[in-house]
Amino acid sequence: GAGVSQSPSNKVTEKGKDVELRCDPISGHTALYWYRQRLGQGLEFLIYFQGNSAPDKSGLPSDRFSAERTGESVSTLTIQRTQQEDSAVYLCASSLAAGTQYFGPGTRLLVL
Amino acid sequence: AQKVTQAQTEISVVEKEDVTLDCVYETRDTTYYLFWYKQPPSGELVFLIRRNSFDEQNEISGRYSWNFQKSTSSFNFTITASQVVDSAVYFCALIQGGAGSYQLTFGKGTKLSVIP
């Protein structure tokens, strides 16, 4: 079956613009995660969705970051007023409840 | 808070050598889950293995083997007879089993280069 998909693959934007990143989880996976990987760094947790429960937003670095998910379908991560330090690869993962997380290919964001 | 340490930043080996990637973790929970992921140059994270804290059996899968030792809080990964295709960044990660989100806490990764 299809894996996790993300779009766009690459995004170049100017400082101060807003960007939206999309994630399509594996069908049937109830949990969805967003992580960020800055150049040469490990992965940082951003936000977690589980079914219709309130999301865990504890990893979001600032109020410029927000994410939505409708039910158990796609999720959108929005970064408002982008800054150069937002440049990173944004990775989405999905899983069955507390199961193993499977990752998408990521969106490479470059803020000029 | 939980923490994963991968002390080896970069390792280079010659093809067919064996190599061990170290992972040390910290957690206050008695139930937790350990993982290894591979990130090849293409960038996508590939799941390799998951281990539960109550199962200390070592595991072998082809040329890959994992040594889980709770006494030393380590979960090391060995590649036997390395191949060029093993060149990648390898991440060790941890999920605490308590209530809350099952977010992965990652180590900083070990970059493995296998030289032909």
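Residues numbered from 1 in each chain as written. Chains lettered and ligands numbered in written order. Predicted model: local features only at pLDDT ≥ 70, side-chain atom pairs only at ≥ 80, totals over all residues. Heavy atoms only, no water.

Description of the overall build of chain A
Basically, it comes down to this: Helix and strand definitions follow DSSP, with helices as H or I runs of at least four residues and strands as E runs of at least two, each counted in order from the N terminus. Restricting the calculation to C-alpha atoms gives the radius of gyration, and the globule rule supplies 2.2 Å times the number of residues raised to the power 0.38. Note on contacts: a residue pair is in contact if any heavy atoms of the two residues lie within 4.5 Å. Shrake-Rupley sampling with a 1.4 Å probe provides the accessible areas, and residues are treated as covered by the protein chains on show and by no other component.
Secondary structure assignment for chain A yields zero helices and 10 strands. Since a compact globule built from 112 residues should have a radius of gyration of about 13 Å, the 13 Å found for chain A is in line with a globular shape. Along the longest, intermediate and shortest principal axes, the C-alpha atoms of chain A span 35 × 25 × 25 Å. Pairs at least 24 apart in sequence give 54% of the contacts found in chain A among residues at least 6 apart. Total accessible area computed for chain A in this model is approximately 5300 Å², and 48% of it derives from carbon and sulfur atoms.

Topic: the pattern of salt bridges
All names here are of chain A. For clarity, the threshold we go by: Salt bridges, as used here, are contacts in which a Lys or Arg side-chain nitrogen is within 4 Å of a carboxyl oxygen on Asp or Glu.
Applying the stated criterion across every chain, the model contains eight salt bridges over all chains. For D24, the salt bridge goes to R22, with nearest N and O atoms at 2.9 Å. Here E44 ties to R36 by a salt bridge, and the two come within 3.3 Å at their closest N and O atoms. Because the salt bridges share partners, they merge into one network encompassing R36, R38 and E44.

Some details on the interface of chain B and chain A
Size of an interface: often given as the accessible area lost when the parts come together. What counts, and what does not: Buried area is calculated as the accessible area (1.4 Å probe) missing from two parts once they are joined, with the contributions of both summed. Between N or O atoms, a polar contact is any pair within 3.5 Å; within protein, one atom must be a potential hydrogen donor and the other a potential acceptor, and residues adjacent in sequence are included only when both atoms are from side chains. Classification convention: Asp, Glu, Lys, Arg as charged; Ala, Val, Leu, Ile, Met, Phe, Trp, Tyr, Cys, Pro as nonpolar; all other residues, Gly among them, as polar.
Each side of the interface is counted separately: chain B has 18 residues, and chain A has 20 residues. With both chains or domains summed, chain B and chain A bury close to 1600 Å², and 55% of this area falls on carbon and sulfur atoms. Ranking the residues of chain B by area buried against chain A places B:L45, B:Y102 and B:Q103 at the top, with a combined share of 29%. Put simply, chain B and chain A have zero salt bridges between them. Our count for the chain B to chain A interface comes out at six residue pairs in polar contact (both at pLDDT 80 or more). Residue assignment for the side of chain B that touches chain A shows that the elements contributing at least two residues are β5 (32-39), β6 (46-52) and β10 (88-96) of chain B. By residue number, the principal contributor to the side of chain B that touches chain A is β5(B), which donates three residues. Of the residues assigned to the side of chain B that touches chain A, the class counts are nine nonpolar, six polar and three charged.

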